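Chain by chain, the residues:
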Amino acid sequence: MSGEEEENAAELKIGDEFLKAKCLMNCEVALILDHKYEQLQQMSEDPMNQVSQVFEKSLQYVKRFSRYKNPDAVRQVRELLSRYQLAEFELCVLGNLCPETVEEAIAMVPSIKSRGRGHDDEAIEKMLNDMSLIKKFE
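Residues numbered from 1 in each chain as written. Predicted model: local features only at pLDDT ≥ 70, side-chain atom pairs only at ≥ 80, totals over all residues. Heavy atoms only, no water.

Colleague: Any details on helix H7 (residues 121–136)? Residues and values, ideally.
Modeller: The first and last C-alpha atoms of H7 sit 22 Å apart over 16 residues, in line with the 22 Å expected at 1.5 Å per residue. Those residues of H7 lying buried are Ile-124, Met-127, Leu-128, Asp-130, Met-131 and Ile-134. Looking straight down H7, one finds that the buried residues subtend no more than 155 degrees of arc, so they occupy a single side. Among the exposed residues of H7, those pointing more than 90 degrees away from its buried face are Glu-122 and Lys-136. (Helix = DSSP H or I, 4+ residues; strand = E, 2+ residues; numbered from the N terminus. Expected span 1.5 Å × (residues − 1). Buried < 20%, exposed > 50% of the residue type's maximum accessible area, 1.4 Å probe, protein only. Arc of directions from axis to C-beta.)

What follows is the structure, given as structure tokens:
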């Protein structure tokens, strides 16, 4: 991004390094940290020796704010949102916050209505309903 251009997430002007970055939803981070925690427990007779306070707090945080707990549901949500050609950070915001209405989704991620993708309200509503179904049957 040139120094003259102002960043604006609503228009997806966030810089090339962020547009190309792989983002993870809280539920994905929780799965990764859980797996690492189990590995650390197996490697040590005293598992608390291997786990830092930062690690512990991070794990607690992502577990608390994860909308999806089941690994299959986590995979399904990412696959569902990926079908809508969202930028990584858009996908993660929607996956983390799980808006219930089209208006909430647009307020959280205004760029889903721009960039030539032209997601109309019906497409956004279908996406939100599908996310809700995944959560319901988790």
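Now that the structure is up, let's keep going.
Colleague: Outline the packing of aromatic side chains, listing residues and values.
Modeller: One pass over the full model with this rule turns up two aromatic pairs. Geometrically, the ring pair formed by Tyr-37 and Phe-55 is stacked, given 6.4 Å between the ring centres and 15 degrees between the ring planes. Here Phe-55 lies in helix H3 (residues 53–65) and Tyr-37 lies in helix H2 (residues 26–43), a separation of 18 residues in the sequence. Neither residue differs from the other here; Tyr-37 and Phe-55 are each classed as buried. With 4.8 Å between their ring centres and 45 degrees between their planes, Tyr-61 and Phe-65 make a pair best called tilted. Placement of the pair is Tyr-61 and Phe-65 together in helix H3, with a separation of four residues, close to one helical turn. Assessed through its relative accessible area of 46%, Tyr-61 is described here as partly exposed. For Phe-65, a relative accessible area of 38% puts it in the partly exposed group. The ring of Tyr-68 carries Lys-135 above its face, with NZ or CZ at 5.9 Å from the centroid. (Phe/Tyr/Trp six-rings, centres within 6.5 Å; stacked < 30°, edge-to-face > 60°. Lys NZ or Arg CZ within 6 Å of the ring centre and 35° of its normal.)

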